[in-house]
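Structural overview
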Amino acid sequence: MPVAEPAPPRAPVPPLAARARSVAGSPIRDILAVTARPEVINFAGGLPAPEVFDRDGIAAAFRDVLAETPAQALQYATTEGEPALRSGLADRITAFGLPTAPDDLLITTGSQQALSLLATALIEPGDTVLVESPCYLAALQVFGLAGARVVAVPGDEDGVDPAALEEAVRRERPKLLYLVPTFQNPTGRTMPTPRREAVAAVAARQGLWIIEDDPYGELRYDGTRPPWIAACPGAEDRVVLLGSFSKVMAPGLRLGWLRAPAELRRACTVAKQAADVHTATLNQLAAARYLHVLDAHVARVRAVYGERRDAMLAGLPDALPEGSTWSRPEGGMFLWVRLPESYDTTALLPDVVKQDVAYVPGAPFYATAPDPSTLRLCFVTQTPEEIAEGLRRLGRGLRG
């Protein structure tokens, strides 16, 4: 009987890059996977309400594009983006108070890609990046993958404190400051105009890039719209403005944009060529068509979401333990809760999920020194009736 030959030796494959090993996945995505059961009222996600999508209007835009310009719609396109979309978007940004030409813009595959492109273009491993505290979670992931050293700047209910920012710039010598100044994720807070002007002045004096991320700015339910930091004196050559159609049109289109000074925009364009060549042509052309009716759609979305924000604010006093505090956002999708110090929202989450309701613990949103008593609630995905029931379940879960 022949003797089997021994298997040849197998060497292990090389390890993953250090950045891939060191950056954790999104805890929000992990929570959504655990709470995907239909009976769960999920305040954890940042998902627009699907019932407010303009399915007929968007479908008509796609049909028109495919009927009238099929060869263009199904073909490769320029990296910078379709001229029709860039032109319409430039007009829209200009109407909101920031003069913008089509060539000032780069269309991206969601504003998350814009943030990744900026990290590629600006950050060397070991560079320091300043952020708010707490901060948008996916931005912390992007900067972590880029190898940045992330430092939180102290602030208050109005956002980053300009004096603390100036001190941090002098001490840390950072490459950039990342902000969501309007209806911030996760807190829902909005930076007032004088604070925006002061932050722009610090960047002008100290030599600092600012990434101004504005995915929620059009979702205003009361109050008046402040100017973008990019429109403040001294900010002209050092602020990158990011925007998205995900919250006002549909996230499935995966359309975002960045407005940046020419040299940085060119660097981001080269980075995008290496990433995906260009954003989907068909989606861009359909969005360009839909821009003509977008204002009317946004007005409908605001009406629905404003009612849902009010429903959550009305139900929180009975749901939360005595001594809790929470934000009262003028718009956006989120509000921020701080429970009494004895509560740990990460440890409490499994008990809350047993009540068929979910939130996001606040700890992952902090670059350093997390506050374990905090949590984020999204108020746009559920109806007012579902919100009321979800808050009753939340109260039961928090009481144990």
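Up top is the structure these notes are about.
Here the structure is a predicted model, which means the values were calculated and not measured. (Residues numbered from 1 in each chain as written. Predicted model: local features only at pLDDT ≥ 70, side-chain atom pairs only at ≥ 80, totals over all residues. Heavy atoms only, no water.)

Structural notes on unusual backbone geometry
Where we set the bar: Labels follow the DSSP assignment, with helices taken as runs of H or I lasting at least four residues and strands as runs of E lasting at least two, numbered in each case from the N terminus.
At the junction of S133 and P134, the peptide bond is cis and its omega measures out at 0 degrees in the coordinates. Among the structural elements, P134 can be located in the loop between strand 3 (128–131) and helix 7 (137–145). Across the junction of N185 and P186, the peptide omega takes the value 25 degrees, indicating a cis bond. Among the structural elements, P186 can be located in the loop between strand 7 (176–179) and helix 9 (193–206). Positioned with a positive phi, D356 is a non-glycine residue whose angle comes to about 65 degrees. Of note, D356 is situated in the loop between helix 13 (345–353) and strand 13 (357–358).

Topic: the sheet that holds strand 14 (residues 360–361)
Going by this rule: Strand pairing requires that DSSP identify at least two bridges connecting the strands.
What the four strands build is an open sheet, ordered 11-12-15-14; its pairing is antiparallel. Unpaired on one side and paired on the other, strand 11 (325–326) and strand 14 mark the two borders of the sheet. The sheet contact formed by strand 12 (residues 334–338) and strand 15 (residues 374–378) spans five bridges and is antiparallel. In the sheet register, F334 faces strand 15, and the bridge partner there is C378.

Points about the sheet that holds strand 10 (residues 256–259)
Two modes of strand pairing occur in sheets, parallel and antiparallel, and in both the strands are linked by backbone hydrogen bonds. Let me state the cut-off plainly: Every axis corresponds to a line fitted to the C-alpha atoms, with the helix fit spanning only the stretch in contact, and the corresponding angles, defined between N-to-C directions, vary from 0 to 180 degrees. By definition in these notes, contact holds between two residues if any of their heavy atoms fall within 4.5 Å.
Pairing in this open sheet of seven strands is mixed, and the strands run 2-10-9-8-7-3-4 from one edge to the other. The sheet terminates laterally at strand 2 (105–108) and strand 4 (149–152), the two strands that pair on one side only. The average angle at which neighbouring strand axes cross in this sheet is 20 degrees, direction not considered. One ladder, built from four bridges, connects strand 7 with strand 8 (residues 209–213); its direction is parallel. Considered in strand 8, the bridge of Y178 is made with I211. Packing against the sheet, helix 6 (residues 111–122) makes contact with strand 2, strand 7, strand 8, strand 9 (239–244) and strand 10, and its axis sits at approximately 155 degrees to strand 9.

Observations concerning the pattern of salt bridges
As a reminder of what qualifies: One speaks of a salt bridge when a side-chain nitrogen belonging to Lys or Arg is within 4 Å of a carboxyl oxygen belonging to Asp or Glu. Classification of residues uses two cut-offs on accessible area relative to the type maximum, computed with a 1.4 Å probe and protein chains only: under 20% is buried, over 50% is exposed, and between them is partly exposed.
Here the structure, examined in full by the defined rule, presents 26 salt bridges. Note that R220 is salt-bridged to E330, the shortest N-O span being 2.7 Å. Here the residue R220 occupies a position in the loop between strand 8 and strand 9, and E330 occupies one in the loop between strand 11 and strand 12, the gap between them amounting to 110 residues. Taking relative accessible area as the criterion, E330 reaches 33% and is therefore assigned partly exposed. One connected set of salt bridges, linked through shared partners, spans R149, E167, R171 and E172.

Scope: geometric values only; no functional claims are made or implied.
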